[in-house]
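This is what each chain is made of:
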Amino acid sequence: MKVLVIGKGGREHALCWRLHQSQSVWGLFCANGSPGINQLAEPAPISPLDFPALVGFAGDKKVDLVVVGPDDPVGAGIVDEFNAAGIKIFGPTRAAAQLETSKSFAKSVMRAAGVLTAPYEVFDDAAAARRYASSHDLPLVVKADGLALGKGVTVCTDRESALGAITDAMEGGKFGPAGRRVLIEEFLPGEELSFFALCDGEYAIPFGTCQDHKPIFDGDRGPNTGGMGAYSPVPQFPPQLEERIMREIIQPTLREMNARGMPFRGVLFAGLMVKEQAIRVIEFNARFGDPECQALMMRFEGDLGALLLAAAEGNLKQVSVSLSPKSAACVVLSSAGYPGTYRKGLPITGIEKIEGNAPSDAKVRWAMKKVRVKVFHAGTALKDGQLVTDGGRVLAVTAMAPSLELAVSSAYEAAQMIEFEGKYMRRDIAHRALSRSDAGRR
Ligand code: AMP
Ligand code: GLY
């Protein structure tokens, strides 16, 4: 079949890489790919938000399946447009994507489905929100209802910051229309876990656990980013947890979405807080995470094209998913200044030392230890034939190995081989797993 991928980040590069290897896929296009993606897929120079042009392109090229990566086209209804044109697409409709695009909608689904989450209240009136925040126990979490580029959440340990967060969002316009309505919820202690499930509207298949690293600095300090690194699986959680998450969270959510006439197809990405026996949902996303997808795709075994087509057609019951039991770790290389302002157009060198054919000591060592390394492009461009930086997150260096320790050390070894001016990375990816004496070796 022919597949069109929408999006150009590291997540989409990882999806294209696995789709390119899929036996069922013999034609691959990407709108609007990076130089890394364009080595695998034919470029479709169309914006991910230009739906009429995308539908026209897919029709002309007789595309059999569209796979959409980022949240903004999903939230804007790309799936509805392709459905209306009779072209198969992997992803949720605009109505179903409200699990991500409206936190109050997601909460109401969870409440109705009996899925555990933090107790909360929704406010459309700033004065009422301030009254609530003045009288409730701290810490409190103030959240913009809509999509706010991952920046709409403030964890408040004192009243002043809670009142400030409410005023900024509801009256200061800090997040635009996304912040006119806020949720205030109880702070949940525990350890965070990202869980992915592939859904076909009725049926869901687990697709692995991950942990992301959102803040820019080591030790989880500083402002939040899109994600500075990830690893999968997460060894501090027993494999039995997966079965509970499917039963207590994913399946009831799908049933409730069906009852509302909004069947959920695509990736349901649950951000969870786990504390002893309690598993609670912090948020849902309606797509793969970035960089979580890079770690998951490293572990994926099988025909990704056939799997995503089965999900899009409502046939997931007929197929199975296999993820390698090995560990994958992904380290993001970002531009100096990110998540604030940063320069673009700086030359990148060294990727060929990892991915080229020339022999090297590092490659021999990786081969001997059964390590696989892959560099995904997150924000790159070609300028006069030279690969240059073109985004805040530039590259996602990902390794898979028999142990998490080896995956992490190999990803860092490869990351050191790449150079560009202002290159930054967190040095402590997977610190939570590796700080537990036996977990990293499992
Ligand atoms: P969200 O965008 O909803 O995933 O929130 C961003 C981050 O804020 C999460 O990854 C958590 O670290 C934190 N967070 C959000 N809600 C809560 C909560 N109720 N309790 C504790 N931490 C939270
Ligand atoms: N890395 C987090 C996300 O994609 O939402």
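Residues numbered from 1 in each chain as written. Chains lettered and ligands numbered in written order. Predicted model: local features only at pLDDT ≥ 70, side-chain atom pairs only at ≥ 80, totals over all residues. Heavy atoms only, no water.

**Quick look at the side chain of serine 410**
Counting through the fold element by element, serine 410 comes out in helix H14 (residues 404–416). Take serine 410: its relative accessible area is 2%, and that puts it in the buried class. Serine 410 has contacts with Trp366, Val371 and Ala399, leaving out every residue within four places of it along the chain. (Helix = DSSP H or I, 4+ residues; strand = E, 2+ residues; numbered from the N terminus. Buried < 20%, exposed > 50% of the residue type's maximum accessible area, 1.4 Å probe, protein only. Contact = heavy atoms within 4.5 Å.)

**Describing the site of ligand 2**
Within the structure, ligand 2 sits among Asp212, Lys214, Gly226, Phe269, Arg287, Gly289, Asp290, Pro291 and Glu292. At 2.9 Å from a nitrogen atom of ligand 2 is found a main-chain nitrogen or oxygen belonging to glycine 226. Between an oxygen atom of ligand 2 and a side-chain N or O atom of arginine 287, the distance comes to 2.9 Å. Its free accessible area being 200 Å², ligand 2 has 91% of it covered by the protein chains. (Near = heavy atom within 4 Å. Polar contact = N/O pair within 3.5 Å; in protein donor to acceptor, adjacent residues only side chain to side chain. Areas by Shrake-Rupley, 256 points an atom, 1.4 Å probe, with all protein chains shown as cover.)

**Things to note about the packing of aromatic side chains**
For the coordinates displayed, the defined rule picks out nine aromatic pairs. One aromatic cluster is present, formed by Phe196, Phe207, Phe269, Phe288 and Phe300 through successive ring pairs. One cation-aromatic arrangement involves arginine 260 over phenylalanine 105; the distance from NZ or CZ to the ring centre is 5.5 Å. (Phe/Tyr/Trp six-rings, centres within 6.5 Å; stacked < 30°, edge-to-face > 60°. Lys NZ or Arg CZ within 6 Å of the ring centre and 35° of its normal.)

**Some thoughts on the environment of glutamate 171**
Tracing the backbone shows glutamate 171 in the loop between helix H8 (159–170) and strand E9 (182–186). For the pair glutamate 171 and glutamine 39, spaced 132 residues apart in sequence, the C-alpha to C-alpha distance is 47 Å. Ignoring any residue separated from it by four or fewer positions in sequence, one finds glutamate 171 in contact with Ala126, Arg130 and Ile166. Here arginine 130 takes part through its side chain, which lies 3.2 Å from a polar atom of the side chain of glutamate 171.

**A few points about the nonpolar core**
One finds Leu4 and Ile418 to be the most contacted residues of the largest nonpolar core, which totals 85 residues. Sort the elements by how many residues they give to this core and H14 lands first, with eight residues. Not counting residues up to four positions away in its chain, the partners in contact with isoleucine 418 are Leu333, Ile348, Thr349, Gly350, Ile351, Ile354, Val375, Leu395, Val397 and Lys423. Core analysis: the second largest hydrophobic core is formed by 45 residues, Met1, Cys30, Val67 and Ile205 among them. (Core = buried A, V, L, I, M, F, W, Y, C linked by side-chain atoms within 4.5 Å.)

**Some remarks on the sheet that holds strand E20 (residues 372–377)**
Spatial ordering of the open sheet is given by E16-E15-E10-E11-E14-E19-E23-E20, a layout of eight strands whose pairing is antiparallel. Edge positions in the sheet fall to strand E16 (278–285) and E20, since each has one partner strand and no second. Strand-to-strand twist of the sheet, defined as the mean angle between neighbouring strand axes without regard to direction, takes the value 25°. Note that strand E15 (residues 264–275) and E16 share seven bridges and pair antiparallel. In the strand pairing of E16, phenylalanine 269 is matched with asparagine 285. On the sheet, helix H11 (residues 304–313) packs against strand E10 (191–201), strand E11 (204–212) and E15 and is oriented at approximately 70° with respect to E10. (Pairing = 2+ DSSP bridges. Axes fitted to C-alpha atoms, helices over the stretch in contact; angles between N-to-C directions.)

**Some remarks on the sheet that holds strand E6 (residues 120–123)**
Across a sheet, strands are paired by hydrogen bonds formed along the backbone, either parallel or antiparallel in direction. If you trace the four strands from one edge of the open sheet to the other, you get E6-E9-E7-E8, paired in antiparallel fashion. Sheet topology places E6 and strand E8 (153–156) at the edges, where each strand pairs with a single neighbour. Pairs of neighbouring strands in the sheet enclose a mean axial angle of 20°, with direction left out of account. Bridge count for strand E7 (residues 140–144) against E8 is four bridges, and the pairing is antiparallel. Paired with valine 142 across the two strands is threonine 154, which belongs to E8. Contacts from H8 reach E6, E7, E8 and E9, with the element oriented near 160° to E8.

**Some points on the pattern of salt bridges**
One pass over the full model with this rule turns up 20 salt bridges. For lysine 103, the salt bridge is made with glutamate 283, and the minimal N-O distance between the two is 3.3 Å. Of the two residues, lysine 103 is situated in helix H6 (residues 103–113) and glutamate 283 in strand E16; the sequence distance between them amounts to 180 residues. Across the salt bridge formed by glutamate 185 and lysine 107, the nearest N and O atoms sit 2.8 Å from each other. Here glutamate 185, found in strand E9, pairs with lysine 107, found in helix H6; they are 78 residues apart in sequence, far enough to count as distant. Residue classification places glutamate 185 among the buried residues on the basis of a relative accessible area of 5%. Owing to a relative accessible area of 3%, lysine 107 belongs among the buried residues under this scheme. (Salt bridge = Lys/Arg side-chain N within 4 Å of Asp/Glu carboxyl O.)

**With respect to the environment of serine 134**
Tracing the backbone through its elements, the reader meets serine 134 in helix H7 (residues 126–135). Separated by 143 residues in the primary sequence, serine 134 and glutamine 277 have C-alpha atoms spaced 31 Å apart.

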